[in-house]
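Letter by letter, the chains look like this.
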Amino acid sequence: MTKSLDRIFKFGKFLSLTPTYAHPQITLFLKLYALLVALSITAALATTMTKRNFYYMKSAVGGLLDANLLAFNYSTVAVIFCKCEQWHRLVFNLKIVVANLKPTTISHRICIFVVVQLVGVVIIVASLQTWLELLGIEFLQKHHVQYFQLYLLFTYNTFLCVIASLILAMYRRLSLSLSQVNTTIFKDLQRTVKTLDNFLHFLKDTVDIFNDIFGWPIALSVSYTTLHILNDCYSIFLRSSFYKNDDNIARKLTADVSLALLFFIGTVVLIIICDSILIEAEKILSLSQKLRKKFKRSGPQVRENLFVFGNSVIENFPKFSAARFFEIKRSIILRILGTITTFLIVMIQFRLNV
């Protein structure tokens with residue numbers, strides 16, 4: 001399984017997104033390679049922007065989208081340049097997690113990664129092909145860099161989902177172990193509680209490293225998803241209002257909506273995985289409290305150990321943060337939808353007043 005994980009991280013290294021898994025050392029070559037890719041994207045983006053025609057709100061949202069994608073590219077470079085020690089610790093912790101999970105669990109996630117990559121490539125290429133057929137080579141000259149950036153962002157989100165899902169699988173195993181502990185055997189209870197206490201501290205450290213490394217990329221990914229959907233909503237609004245006789249409107253809408261859904265679903269999945277980790281941690285906390293109540297009248301050593309374990313669960317409770325701008329919970333999905341809804345209401349009111 002280590003070899004399989006290393007292959008997908010080598011793919012990330014090829015795209016200058018991540019170091020490798022088997023050998024997590026960040027070399028000078030990788031740093032220069034990542035910086036070269038980012039500078040190449042910047043130069044190509046500057047060239048393509050001179051060929052675009054922006055207007056009104058479209059120019060503002062489009063400019064924010066370009067700035068957001070570029071900031072994301074440089075945030076991944078910053079990770080490679082500035083987070084060498086953190087990445088090494090993360091990979092070391094992930095290897096421990098993988099060693100404590102079933103091989104089928106790892107292979108299942110690798111298969112999902114490959115399938116999601118194929119689906120994402122098909123959607124991105126199909127969208128690009130649609131606009132090429134409708135607008136010709138001029139569209140490719142204006143937006144080819146943007147589509148490459150979209151693929152990098154999509155792939156990075158997929159990597160984050162794989163890492164977060166491994167952490168989630170470990171939390172689920174701890175929750176299951178605590179629920180199945182034989183409370184009638186004192187030594188079994190003591191051994192399980194001590195082992196879980198060590199693993200909870202270890203996983204909290206892993207989550208903190210995850211936040212430290214990927215905080216900015218996640219924040220930029222969430223903001224890009226919101227802006228991308230807003231931009232597509234505006235485009236759909238314009239086409240449905242002013243281009244009703246366009247024979248290709250269905251194809252244009254399909255290209256816009258499919259690409260927007262790709263990034264929205266990817267962001268939502270990452271948020272749900274992080275939130276699921278919090279749910280599993282809450283289960284462990286609930287189970288620890290039930291054990292304390294069950295052994296309320298037991299000997300002082302048992303009550304003391306369970307009291308210490310309950311406090312340890314609280315102290316090592318995980319928390320995901322996007323560069324400390326906001327905590328990653330399911331409520332973020334509602335905030336994104338609320339922003340989009342507000343934007344749509346403003347557009348409709350503007351249209352009715354015209």
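Residues numbered from 1 in each chain as written. Predicted model: local features only at pLDDT ≥ 70, side-chain atom pairs only at ≥ 80, totals over all residues. Heavy atoms only, no water.

Trainee: An account of the overall build of the chain is requested, with residue identities and associated values reported.
Mentor: Looking only at helices and strands, the chain features 10 helices and 2 strands. Listing every helix and strand of the chain by position from the N terminus yields α-α-α-α-α-α-α-α-α-β-β-α. Looking at the chain as a whole, 50% of its 354 residues are labelled buried. For the chain, restricting intrachain contacts to residue pairs at least 6 apart in sequence, the fraction spanning at least 24 positions comes to 83%. Counting only carbon and sulfur atoms, one obtains 64% of the accessible surface of the chain, whose full area is about 17900 Å². (Helix = DSSP H or I, 4+ residues; strand = E, 2+ residues; numbered from the N terminus. Buried < 20%, exposed > 50% of the residue type's maximum accessible area, 1.4 Å probe, protein only. Contact = heavy atoms within 4.5 Å. Areas by Shrake-Rupley, 256 points an atom, 1.4 Å probe, with all protein chains shown as cover.)

Trainee: Let's hear about the packing of helix α4 (residues 84–99) against helix α6 (residues 137–179): which residues, and what values?
Mentor: Where α4 contacts α6, the axes come no closer than 10 Å and their chain directions differ by 50°. By the angle between their directions, the pair α4 and α6 is classed as oblique. Of the two possible hands of crossing, α4 and α6 adopt the one that is left-handed. Counting all contacts with α4, which are made through L94, V97 and V98, the residues of α6 involved are I163, L166 and M170. Here the contact of α4 with α6 is composed, by residue class, of 6 nonpolar, no polar and no charged. (Axes fitted to C-alpha atoms, helices over the stretch in contact; angles between N-to-C directions. Parallel < 35°, antiparallel > 145°, perpendicular 65-115°, else oblique. Left-handed = near helix turned anticlockwise from the far one by under 90°. Nonpolar A, V, L, I, M, F, W, Y, C, P; charged D, E, K, R; others polar.)

Trainee: An account of the pattern of salt bridges is needed here, citing residue identities and associated values.
Mentor: Counted under the stated rule, the structure contains 7 salt bridges. Note that R89 and D205 form a salt bridge whose closest N and O atoms lie 3.0 Å from each other. Of this pair, R89 sits in helix α4 while D205 is found in helix α7 (residues 186–242), placing the two residues 116 residues apart along the sequence. The exposure class of D205 is partly exposed, given its relative accessible area of 28%. (Salt bridge = Lys/Arg side-chain N within 4 Å of Asp/Glu carboxyl O.)

Trainee: Tell me about the packing of helix α5 (residues 103–135) against helix α8 (residues 249–294), and name the residues and values.
Mentor: As a packed pair, α5 and α8 sit with axes 9 Å apart at the nearest point and diverge in direction by 150°. One way to sum up the angle between α5 and α8 is to call them roughly antiparallel. As α5 runs across α8, the sense of the crossing is left-handed. Within the contact between the two elements, α5 uses G120, I123, I124, S127, T130, W131, E133 and L134 and α8 uses R251, K252, A255, D256, S258, L259 and L262. Residue composition of the contact of α5 with α8, grouped by class: 7 nonpolar, 4 polar and 4 charged.

Trainee: Any chance you could break down a nonpolar patch on the surface for me, citing the residues and the numbers?
Mentor: A cluster of nonpolar side chains, namely V257, L261, I265 and V269, defines an oily patch on the protein surface of about 300 Å² accessible area. The topology assignment puts V257 in helix α8. (Patch = residues over 30% accessible without salt bridge, like charges linked within 9 Å, V, L, I, M, F, W, Y side chains within 5 Å.)

Trainee: Before we move on, can you summarise the side chain of T267 with the specific residues and values?
Mentor: In this structure, T267 sits in helix α8. A polar contact of 2.7 Å, which involves the side chain of T267, links it to the side chain of T225. With sequence-adjacent residues up to four places away left out, T267 is seen in contact with N157, S221, V222 and T225. (Polar contact = N/O pair within 3.5 Å; in protein donor to acceptor, adjacent residues only side chain to side chain.)

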